[in-house]
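Working through the structure, step by step
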Amino acid sequence: MKRPFVSKEQLEEIVAKYPTPFHLYDERGIRANARQLMEAFDWNEGYKEYFAVKATPNPAILQILKEEGCGTDCSSYTELLMSKAVGITGQDIMFSSNVTPAEDFRLARELGAIINLDDYTHIDFLNEVAGIPETISCRYNPGGTFSISTFVMDQPGDAKYGMTYEQMRDGFIKLGKLGAKKFGIHAFLASNTKTNEYYPELARILFEVAVSLKKDTGVDIGFINLSGGIGVPYEPDQKAADVQSIGHGVKKAYEKILVPAGMGDVKIFTELGRYMLAPYGILVTRAMHEKHIYKEYIGVDACAANLMRPAMYGAYHHITVMGKENEPHDHKYDVTGGLCENNDKFAVDRMLPKIDKGDLLVLHDTGAHGFAMGYNYNGKLRSAEVLLKEDGSTELIRRAEEPKDYFATFDFTGMF
Ligand SMILES: *Cc1c(COP(=O)(O)O)cnc(C)c1O
């Protein structure tokens, strides 16, 4: 059974301070999880996790991860600025973008970030707008179908990202002529994976590509970036990833493929987002209304603008009705927000204990791709983000939007 990382009593105290809805993050959980990841890859000298900023773009979160030894994976101008603001610069930034504007490349170069090129044509573009750095990475797309045993994980052939093998090969040669000296290889082939075999299988593919590229081009391959994609158990009966076993699987592939090729000094990088944060965030909301028509509805004060995954992907987020964990789950509800969109439902036909107006509801696993995907549809305002610190105190790490924020991009000069 899924339990929130706060008790009802703790949460009552927190909501007395910060009105619902808000996202609450668990510093203790974030740190413990990051340490486990570091341990799982400590066999690789130079291993580094570049946290995918897009998952939880908050400086306080980046600061915690920085203290645990992580860098950042940025994909836009503002994500680069946020990384800089917390003092993560230089090669502690991986810039993995696509369809990249010139000013983004310029800022990435200024900060000394490692640039990961999404396309062959970006070589000339980067050269023109910002110059080619000494360290450079290219994103690989193997095409076709990506399967593990007989299970189809995803269809890289339909994905917009990355380059073909031939483009990687020609790209490395071209980049070398333009002054690049250290090369990296990156790929992201499946998202929210549920098997411990994803990273090891991806590693086998990339390690073999690395050996071939070295043979075909003679360049110095410094690192291989396994990117994101390790999943989390959103549903109560799912199992958490075993990061120790994942690290071991990657090590086996490393020893089998890279070491015999004389490439035993290649660094392993990751760009995890979801795995680093999702389980350590919750969306706290309150039941406002109940409605009885053809179905039973509970209307809460959060909506899809605070958490889009259920509306966008039909994603499951577990719900705990605080204080009623042990009561029979004998009521079938749709739990909805107030957007004028019928997909604004956090749960459909969910069996829950009887919910009364005023009850506090916790939506689990919203720490990644939760607040981050928020938007202002229907004039809804973004919520606050609150950090539950290791000592049990709380800190407001982002205030809630107010109407003035919603209107800040209009020029009302002369209207009032
Ligand atoms: C989204 C993304 C990540 C993080 O993915 P998760 O599924 O959150 O682990 C890492 N790298 C790139 C390039 C991404 O686009």
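Preceding this paragraph is the structure being described.
Residues numbered from 1 in each chain as written. Predicted model: local features only at pLDDT ≥ 70, side-chain atom pairs only at ≥ 80, totals over all residues. Heavy atoms only, no water.

Quick notes on the environment of Asp334
With respect to the helices and strands, Asp334 occurs in strand β15 (residues 331–336). Separated by 16 residues in sequence, Asp334 and Arg350 place their C-alpha atoms 6.4 Å apart. Within the structure, Asp334 has its side chain in polar contact with the side chain of Lys345 (distance 3.1 Å). (Helix = DSSP H or I, 4+ residues; strand = E, 2+ residues; numbered from the N terminus. Polar contact = N/O pair within 3.5 Å; in protein donor to acceptor, adjacent residues only side chain to side chain.)

Thoughts on the site of the ligand
Near the ligand you find 14 residues, and of these Lys54, Gly229, Glu271, Arg274 and His369 are the closest. Measuring from an oxygen atom of the ligand, one finds a backbone N or O atom of Gly273 at 3.1 Å. Between the ligand and the protein, one listed contact pairs an oxygen atom with a side-chain N or O atom of His369 at 2.8 Å. Burial of the ligand by the surrounding chains reaches 90%, relative to a free accessible area of 380 Å². When its residues are assigned to classes, the shell around the ligand shows 3 nonpolar, 6 polar and 5 charged. (Near = heavy atom within 4 Å. Areas by Shrake-Rupley, 256 points an atom, 1.4 Å probe, with all protein chains shown as cover. Nonpolar A, V, L, I, M, F, W, Y, C, P; charged D, E, K, R; others polar.)

Topic: the pairing of strand β8 (residues 151–154)
Where strand β7 (residues 146–148) lies against β8, 3 bridges are found, and the strand directions are antiparallel. Residue Ile148 lies in a different strand from β8, and its bridge partner there is Phe151. The hairpin formed by β7 and β8 contains 2 residues between the paired strands, and Ser149 there has a positive phi angle of roughly 50 degrees. (Pairing = 2+ DSSP bridges.)

Focus on the pairing of strand β13 (residues 296–300)
Burial runs high along β13: 4 of the 5 residues are buried. Pairing analysis gives 5 bridges linking strand β12 (residues 281–292) to β13, with the strands arranged antiparallel. Directly across from Ala287, in β13, lies its bridge partner Val300. Adjacent in sequence and paired antiparallel, β12 and β13 are bridged by 3 residues. Sheet topology note: the β13/β15 ladder contains 3 bridges and is parallel. Within β15, the residue paired with Tyr297 across the bridge is Asp334. (Buried < 20%, exposed > 50% of the residue type's maximum accessible area, 1.4 Å probe, protein only.)

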